[in-house]
Amino acid sequence: DQQVKQNSPSLSVQEGRISILNCDYTNSMFDYFLWYKKYPAEGPTFLISISSIKDKNEDGRFTVFLNKSAKHLSLHIVPSQPGDSAVYFCAAAYNQGGKLIFGQGTELSVKP
Amino acid sequence: SAVISQKPSRDICQRGTSLTIQCQVDSQVTMMFWYRQQPGQSLTLIATANQGSEATYESGFVIDKFPISRPNLTFSTLTVSNMSPEDSSIYLCSVVLLKGASTDTQYFGPGTRLTVL
């Protein structure tokens, strides 16, 4: 049973435009959500996180939105850059610092 | 964050053999985890490495197949035992830092790419 789902396996965006990556979850007990970026042959790199008590967190070009009633979160990247091209994973945890349950990943391609 | 290293970075092994993967962190951590990413799949937690005691395994993973050690706060090993081609994956360790700007975020090592023939 997939508790964290990223339904779009890939996304293509023009440089300078907004990239929106989506993630849905089924377990309302999740308390903490994170986004990671992964390049081939490297480990995932932490991007941004959000606690369930918030609905938005912003860090530079990256903003994460959380809609608890819909059990949905999204990552916005503005403006998108070619260096952002990678696989993006959302992850959920029952508590901060606890084990992570990952989505399947979305491969973002930002074209010049 | 912290510098997390894994050894080896990659290996090609014969079925029936075992491989031990090391994870070393340059600062003290509270939690250490081991994940697996099978080809084309997402990351799946294998176990939580507990310092000085037996690891806590997730459903579908057992100690006989994936023995884990964590003798101190900065080092852990994962052994993949009696390997079969289905064990071909990227194995990643992750840590939660004891001190620093973010003490509740997991940081990942570079991974160990294992191919079993």
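Caption draft 1: Geometry of the sheet that holds strand S3 (residues 19–25) of chain A. Residue and element names in this part refer to chain A. The strand order across the open sheet formed by five strands is S1-S3-S8-S7-S6, and the pairing between neighbours is antiparallel. Two strands in the sheet have a free side with no partner beyond their single neighbour: strand S1 (4–5) and strand S6 (56–59). Alignment of strand S7 (residues 62–67) against strand S8 (residues 72–77), held across six bridges, turns out to be antiparallel. Note that in S8 the partner of phenylalanine 65 across the bridge is serine 74.

Caption draft 2: Geometry of the interface of chain A and chain B. Taken together, the 18 residues of chain A in the interface contact 19 residues of chain B. Of all residues in chain A, the largest losses of buried area upon contact with chain B belong to A:Gly97, A:Lys99 and A:Phe102, amounting jointly to 32% of the total for that side. The tally of links from chain A across to chain B stands at one salt bridge. A salt bridge links A:Lys99 to B:Glu58, with the nearest nitrogen and oxygen atoms 2.8 Å apart. The leading source of residues in the side of chain A that touches chain B is strand S4 (residues 32–38) of chain A, at four residues. Of the residues contributing to the side of chain A that touches chain B, the split by class is nine nonpolar, six polar and three charged.

Caption draft 3: Focus on the pattern of salt bridges. Residues and elements named next belong to chain B. All told, the structure shown has three salt bridges over all chains when counted by the stated rule. Notably, a salt bridge pairs lysine 65 with aspartate 87, separated by 2.7 Å at the nearest N-O pair. One end of the pair, lysine 65, is in the loop between strand S6 (56–57) and strand S7 (68–72); the other, aspartate 87, is in the loop between strand S8 (75–80) and strand S9 (89–97), with 22 residues separating them in the sequence. The class for lysine 65 is partly exposed, based on a relative accessible area of 21%. With relative accessibility at 5%, the residue aspartate 87 sits in the buried group.

Caption draft 4: Up close: the state of the cysteines. Counted according to the given criterion, the structure contains two disulfides over all chains. Here A:Cys23 pairs with A:Cys90 through a disulfide, and the sulfurs are 1.9 Å apart. Here the S-S torsion is close to 60°, and the disulfide linking A:Cys23 with A:Cys90 is therefore right-handed. Residue A:Cys23 is found in strand S3, and its partner A:Cys90 is found in strand S9 (residues 86–93); the two are separated by 67 residues along the sequence. The residues A:Cys23 and A:Cys90 share a single accessibility class, namely buried. Between the sulfur atoms of B:Cys23 and its disulfide partner B:Cys93 the distance amounts to 2.0 Å. Looking along the S-S bond of the B:Cys23-B:Cys93 disulfide, the torsion reads about 65°, which is the right-handed sense. Of this pair, B:Cys23 sits in strand S3 (residues 19–25) while B:Cys93 sits in strand S9, placing them 70 residues apart in sequence. For B:Cys23, a relative accessible area of 0% translates into the label buried. A relative accessible area of 1% means that B:Cys93 is categorised as buried.

Caption draft 5: A look at the pairing of S9(A). Residue and element names in this part refer to chain A. In terms of burial, S9 is a largely internal element, seven of the eight residues being buried. Bridge count for S4 against S9 is seven bridges, and the pairing is antiparallel. Bridging from a neighbouring strand, tyrosine 32 pairs with alanine 93 of S9. Of the pairings in the sheet, the one linking S9 to strand S11 (residues 106–111) comprises three bridges and is antiparallel in character. The residue of S11 that forms the bridge with valine 87 is glutamate 107. Both S9 and strand S10 (residues 101–102) contribute to a ladder of two bridges, which runs antiparallel. Each bridged residue has a counterpart across the sheet, and for alanine 91 the counterpart in S10 is phenylalanine 102.

Caption draft 6: Local environment of the sheet that holds S8(B). All names here are of chain B. With antiparallel pairing, four strands are arranged side by side in an open sheet as S1-S3-S8-S7. Strands at the two margins of the open sheet, each flanked by one partner only, are strand S1 (4–7) and S7. Taking the axes of each pair of neighbouring strands and ignoring which way they run, one obtains an average angle of 15° across the sheet. Taken together, the six bridges between S3 and S8 define a ladder with antiparallel strand orientation. From the neighbouring strand, cysteine 23 faces S8, where its bridge partner is serine 76.

Procedures and definitions
- Residues numbered from 1 in each chain as written.
- Chains lettered and ligands numbered in written order.
- Predicted model: local features only at pLDDT ≥ 70, side-chain atom pairs only at ≥ 80, totals over all residues.
- Heavy atoms only, no water.
- Pairing = 2+ DSSP bridges.
- Helix = DSSP H or I, 4+ residues; strand = E, 2+ residues; numbered from the N terminus.
- Contact = heavy atoms within 4.5 Å.
- Buried area = accessible area lost by both parts, 1.4 Å probe.
- Salt bridge = Lys/Arg side-chain N within 4 Å of Asp/Glu carboxyl O.
- Nonpolar A, V, L, I, M, F, W, Y, C, P; charged D, E, K, R; others polar.
- Buried < 20%, exposed > 50% of the residue type's maximum accessible area, 1.4 Å probe, protein only.
- Disulfide = S-S within 2.5 Å.
- Axes fitted to C-alpha atoms, helices over the stretch in contact; angles between N-to-C directions.

Geometric descriptors of this kind do not, in isolation, establish any biological role.
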